Structure formats: structure tokens, C-alpha cells
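Descriptive analysis of the structure
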Amino acid sequence: MEHDQLFKDLLVTFLPEFTDLFYPEVAACLNWSTLTFLTNEMFTDIPEGQRRTADLVARVNSWEGSPELLLLHLEVESGRRVGFGLRMFQYYTQLRWRHGLPVLPIALFLAPGGDGIEVANYEERLFDEVIVSFRYRTVSLADLPGEPFRARPNPLGPALAALMRVPKETRPRHRAECLAQISRQPLDDARKWLLGNIVESYLTLSDTEFQVYQKLVTTSEFAEVRAMISVWEQQAHEQGKLEGKLEGKLEGKLDTARKVAEHRFGPSAEVRERLEAATSESELDALIDRILRMETAEEFLRPSSQ
């Protein structure tokens, strides 16, 4: 899944938690029971050569009764592009004009390049005079310390902590701790999976790190992580079977097999090659069943007779 859609799904589900995590003073002013999302906020007159859609726009009333319109723009590139402040200003002016409501613009950056939680400023000058001064909020996840956010009671904290800064030697434990915190949240399996998917998609480990991580999650300290991952693996298996029945194609089921294998064994070119060599749905089903029974990639790859 692309960054845009992955984070859009996350924030549609957890927008109150996101706001409370980074801007608690704003969250306290808003009546989240009035939250609605505005769809199809398409801008055709921003001169970038193509139509653009604001990533997430939500309308919510304040406790004082006056409506607020929140604009959340997700920046998913490796760095902040030239002209980003201008684009945020263009979004702001068009949303303000269309809806006649105050707008709170927030930019979320996944890559480093800032000081964490900041207020940015876009200015336009004419003859050395400031004609426009526009402020918007920014969150740079990779510039924030991961451990404090991982420990927050907010369910989004341990998920986004996976994108934050931690000492290199603690990365395997950080991943296990993030998943452990998610497993303890009073949420349904679907929401836990959404949070866990962020951790597993962005806190990727080297082969050596993954071996350390695997040993950690087999200990009693992380028993709830192993249990939660097992539920996800079984659900992915069942979903793959359903997709195979509905589509009559191998690709959906093969994608499921890859995901289940990476959950169990970490990244492995040999395992991927073995899965991609399957020529039928029944063969893939048998391989997924074998993945769920084996503890290591070596066991999975070993011929059944051994």
C-alpha cells in the first residue's frame, strides 16, 4: 500500500488520537462527536500541471459551538520539496473560501528534516514589505524521540514511534515494545492490525536485527505480541483463501503468502522464490499452512521428507 493511502486510512480512524498526541491543547477544544470527513476536496486551479486532492479534510465543532475545519496534509516524500509552504497556503485559501470556516493546516512529514513539532511560516514580500505571512503546523516523525511516544497511553503513540528516532542497537526491542503496547490497547483486532501494520511497514529490520527480534517475541515478556501476530497471520491466510475463491487468481493469494512469511521469518529471498514458484492455489494454500507450522525460514525451506 502506498504511503498516502496507508496514512489516510490510519488518520481517518485515529484523527482524535493524532491531534491529542501532538496538539493536546487543540484536541481539548474540539467536540469529536461532531467529526465528519469532507471527501473529494479536489483543486484544479493550483498551477502544478495536474489536479490535486487535499489528503484529509475534516470538519468538527469546538466545545464553544463554533465549527472548525481541519486541513491535514501528509507529506510522504524523502524531504520537503521546494514550494511546499506555497502549496499549503494555496490549500488554505481555497478551503477557507469554499467553506467560510477557520482552517487549521497541519503537515505530517515521515522523513527527517526538521525539529519535530514546529510551526512553519510562509511569507510573500513585495518591495521588502511582508504582504502575506501564513503559519502552519508541522510534525516530523523521524526527528522525534521514539521511546517517550511509545510509552504514551494514546494508542497512536506506539504505532508512530516506529518511525521515530531510537538508538540503532535498540531497534529490535523497540519494534517488539511498540507491538506490545498496541496489543494492550482496548481496541478491536482491525484497529490493532492497522496500527501494527504501520510498525511492520516502517520499522524494517536487517536479517541480524530480525533474528534478535524473533528471539524476543518468543519470550514470556512478549507473549501478547506473538499471540497478536498469530491472529493476524491466520486472518491473512483466511483472507487469501477468500480472495482466491472470488478472483480465481494466484496473485492475491501469493501476496498474502509473502506477508505471512515475512511476519514469521523476516525478509528472505529464498522463501519468496519458493512461494513464487507455486503454480496453483492449492499449492500456495499448502505452503501457507507450512509457514504457519514452521518456526524458521530454514525449516520451511527444508524438504518435507527431512
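This text goes with the structure placed above it.
Here the structure is a predicted model, which is why all the values come from computation and not from measurement.

Some points on the packing of aromatic side chains
One pass over the structure, following the stated rule, counts ten aromatic pairs. Among the aromatic residues, ring-to-ring pairing joins Phe-84, Phe-89, Tyr-92, Phe-109, Tyr-122, Phe-134 and Tyr-136 into one connected group. Here the guanidinium or amino end of Arg-152 rests over the ring plane of Phe-149, the centre of that ring lying 4.4 Å away. Positioned above the aromatic ring of Tyr-213 is the side chain of Arg-175, whose terminal nitrogen or guanidinium carbon lies 4.7 Å from the ring centre.

Here we look at the pattern of salt bridges
Side chains that carry opposite charge are capable of pairing whenever their charged atoms lie near each other. According to the stated counting rule, one finds eleven salt bridges in the structure shown. In this structure, the salt-bridge partner of Glu-177 is Arg-173, at a minimum N-O distance of 3.1 Å. One end of the pair, Glu-177, and the other, Arg-173, are both in helix H6 (residues 171-183), four residues apart, so they sit about a helical turn from each other. On the basis of relative accessibility, which here comes to 33%, the residue Arg-173 falls in the partly exposed class. Through salt bridges with shared partners, one network takes in Lys-168, Arg-171 and Glu-209.

With respect to helix H12 (residues 281-293)
Given 3.6 residues per helical turn, the α-helix brings residues three or four places apart onto the same face. For H12, built from 13 residues, the straight-helix expectation of 18 Å at 1.5 Å per residue is met to within 8% by its first-to-last C-alpha distance of 19 Å. Within the sequence span of H12, burial applies to Leu-284, Asp-285, Leu-287, Ile-288, Arg-290, Ile-291 and Leu-292.

Regarding unusual backbone geometry
Backbone geometry at Phe-127 places phi at a positive 55°, although glycine is not the residue there. Here Phe-127 shows up in the loop between strand E7 (117-126) and strand E8 (129-140). Its identity is not glycine, yet Asp-128 carries a phi of approximately 65°, on the positive side. Note that Asp-128 resides in the loop between E7 and E8. Classification of Asp-128 by relative accessible area gives exposed; the value is 74%.

Some thoughts on the nonpolar core
Counting 50 residues, the largest nonpolar core has Leu-10, Phe-18, Phe-22, Leu-141, Leu-160 and Tyr-213 as the members making the most contacts within it. Counting residues per element, the ones that place at least two in this core are helix H1 (3-22), strand E4 (56-62), strand E6 (103-109), helix H5 (156-160), H6, helix H7 (189-202), helix H8 (207-217) and helix H9 (223-247). In terms of residue count, the dominant contributor to this core is H1 (nine residues). Core analysis: the second largest hydrophobic core is formed by 16 residues, Phe-265, Val-271, Ala-278 and Leu-287 among them.

Considerations on a negative patch on the surface
A grouping of Asp-207, Glu-270, Glu-273 and Glu-298 is seen on the molecular surface, where their side chains present a negatively charged patch. Tracing the sequence through the fold places Glu-298 in helix H13 (residues 297-301). By relative accessible area, which is 56% here, Glu-298 ends up exposed.

Observations concerning a nonpolar patch on the surface
Together, Leu-126, Phe-127 and Ile-131 give the surface a local cluster of nonpolar side chains, amounting to about 370 Å² of exposed area. Among the secondary structure elements, Ile-131 is positioned in strand E8.

Comments concerning the environment of Leu-101
Tracing the sequence through the fold places Leu-101 in the loop between helix H3 (84-99) and E6. Look at Leu-101 and you get buried, because its relative accessible area is 10%. Setting aside residues up to four positions removed in sequence, Leu-101 forms contacts with Arg-59, Pro-67, Leu-69 and Arg-96.

Some details on the pairing of E6
Of all seven residues in E6, six are buried, a share of seventy percent or more. As defined by bridge partners, E6 adjoins E8 across four bridges and the pair is classed as parallel. From the neighbouring strand, Ile-106 faces E8, where its bridge partner is Arg-137.

Examining the environment of Ala-190
Within the secondary structure, Ala-190 sits in helix H7. On the basis of relative accessible area, Ala-190 is assigned to the exposed category, the value being 56%. C-alpha separation for the pair Ala-190 and Trp-232, spaced 42 residues apart in sequence, amounts to 9.3 Å.

Scoring rules and cut-offs
Residues numbered from 1 in each chain as written. Predicted model: local features only at pLDDT ≥ 70, side-chain atom pairs only at ≥ 80, totals over all residues. Heavy atoms only, no water. Phe/Tyr/Trp six-rings, centres within 6.5 Å; stacked < 30°, edge-to-face > 60°. Lys NZ or Arg CZ within 6 Å of the ring centre and 35° of its normal. Salt bridge = Lys/Arg side-chain N within 4 Å of Asp/Glu carboxyl O. Helix = DSSP H or I, 4+ residues; strand = E, 2+ residues; numbered from the N terminus. Buried < 20%, exposed > 50% of the residue type's maximum accessible area, 1.4 Å probe, protein only. Expected span 1.5 Å × (residues − 1). Core = buried A, V, L, I, M, F, W, Y, C linked by side-chain atoms within 4.5 Å. Patch = residues over 30% accessible without salt bridge, like charges linked within 9 Å, V, L, I, M, F, W, Y side chains within 5 Å. Areas by Shrake-Rupley, 256 points an atom, 1.4 Å probe, with all protein chains shown as cover. Lys, Arg positive; Asp, Glu negative; His and termini not counted. Charge placed at Lys NZ, Arg CZ, Asp CG, Glu CD. Contact = heavy atoms within 4.5 Å. Pairing = 2+ DSSP bridges.

In short, shape yes, function no, at least from these values alone.
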